[in-house]
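# Reading the structure
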Amino acid sequence: VKDVVVSLLRKQPAAARESGVDPASVEYMDYCAHVGDVAGQVGMAHLYHSGTHGVPRDTAAAAHWFAAAAAKGDPMGHANLGLVRLRAGDGAGALPPLRRAAKRSDPSGWAGLGYAYYYGLGVRQDYALAAKALSAAARLGHLDAIFNLGVLALRGEGMEQSLHKAERFW
């Protein structure tokens, strides 16, 4: 993985400069990830997941780095590993890291659990539990969760239907 990042950055320095990317920063983040720094692991995972800053989009590499950070107990690593698995359709595999992240008060972990319950991914579909998990994420400042609570209130899914309540979320 490291050799791919370094060679891509060296082959595309002009494109990287035009996009405002500092290739040396990405190279350093990659180095930090390889020596076990959690922030470097999460950072490289995000770059691989988004395919930005001269790093190719690679979901497997993103999952690898999120898992490495999660193995060290990082809540963001747990949450993002769960979200990557949810997006890949692996609801059952997504739940353990999402639950670990939520237990550590990570808003994305709670939001991921809310989406799993809402769509029935790896769990029985349950709008009330989806609303409960999204509420926990919203209390921690997760903006998508706040918006989606408004949608649930508007539809009356998992809570009383209320246009007034929906507007308060929006």
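Higher on the page you've got the structure.
The structure contained in this document is the topic of the report that follows.

### Describing unusual backbone geometry
Note: most peptide bonds trans; most residues except glycine with negative phi. Although it is not a glycine, His-53 adopts a positive phi angle of roughly 55°. Tracing the backbone through its elements, the reader meets His-53 in the loop between α4 (38-50) and α5 (59-71). Classification of His-53 as partly exposed rests on a relative accessible area of 40%. Of note in this structure, Ser-105 is not a glycine but carries a positive phi near 60°. Considering the arrangement of structural elements, one finds Ser-105 in the loop between α7 (91-103) and α8 (107-119).

### A look at the nonpolar core
Core analysis: the biggest nonpolar cluster contains 24 residues, and Leu-86, Leu-98, Leu-113, Leu-134, Leu-149, Leu-152 and Met-159 have the highest contact counts within it. Elements that contribute at least two residues to this core include exactly α6 (75-87), α7, α8, α9 (127-139) and α10 (143-155). For Leu-149, the residues in contact, after removing those within four places along its chain, are Ala-131, Leu-134, Ser-135, Ala-138, Met-159 and Phe-169. Grouped together as the second largest cluster of nonpolar side chains are 16 residues, Val-42, Ala-61, Trp-65 and Ala-69 included.

### Remarks on the pattern of salt bridges
This structure, assessed with the given rule, holds 2 salt bridges. The residue Asp-126 makes a salt bridge to Arg-124 at a minimum N-O spacing of 3.4 Å. Take Arg-124: its relative accessible area is 61%, and that puts it in the exposed class. Among the salt bridges present, the one from Arg-155 reaches Glu-157, with a minimum N-O distance of 3.8 Å.

### Description of the packing of aromatic side chains
With the rule as written, the count across this model stands at 4 aromatic pairs. Taking 4.8 Å as the distance between ring centres and 80° as the angle between the ring planes, the aromatic pair formed by Tyr-118 and Tyr-119 counts as edge-to-face. Using a relative accessible area of 13% as the deciding quantity, one classes Tyr-118 as buried. Here Tyr-119 falls in the exposed class, since its relative accessible area comes to 54%. Feature note: the residues Tyr-118, Tyr-119 and Tyr-127 constitute an aromatic cluster, connected by ring pairs.

### Considering the packing of α7 against α8
Contact pair α7 / α8: the axes reach a minimum separation of 7 Å and the direction vectors enclose 135°. Regarding the angle of α7 to α8, the classification is oblique. Crossing of α7 over α8 shows left-handed handedness. Each of Leu-95, Leu-98, Arg-99, Ala-101 and Ala-102 in α7 lies in contact with α8, whose residues at this interface are Ser-108, Gly-109, Trp-110, Gly-112, Leu-113, Ala-116 and Tyr-117. Of the residues contributing to the contact of α7 with α8, the split by class is 8 nonpolar, 3 polar and 1 charged.

Rules of the game
Residues numbered from 1 in each chain as written. Predicted model: local features only at pLDDT ≥ 70, side-chain atom pairs only at ≥ 80, totals over all residues. Heavy atoms only, no water. Helix = DSSP H or I, 4+ residues; strand = E, 2+ residues; numbered from the N terminus. Buried < 20%, exposed > 50% of the residue type's maximum accessible area, 1.4 Å probe, protein only. Core = buried A, V, L, I, M, F, W, Y, C linked by side-chain atoms within 4.5 Å. Contact = heavy atoms within 4.5 Å. Salt bridge = Lys/Arg side-chain N within 4 Å of Asp/Glu carboxyl O. Phe/Tyr/Trp six-rings, centres within 6.5 Å; stacked < 30°, edge-to-face > 60°. Axes fitted to C-alpha atoms, helices over the stretch in contact; angles between N-to-C directions. Parallel < 35°, antiparallel > 145°, perpendicular 65-115°, else oblique. Left-handed = near helix turned anticlockwise from the far one by under 90°. Nonpolar A, V, L, I, M, F, W, Y, C, P; charged D, E, K, R; others polar.

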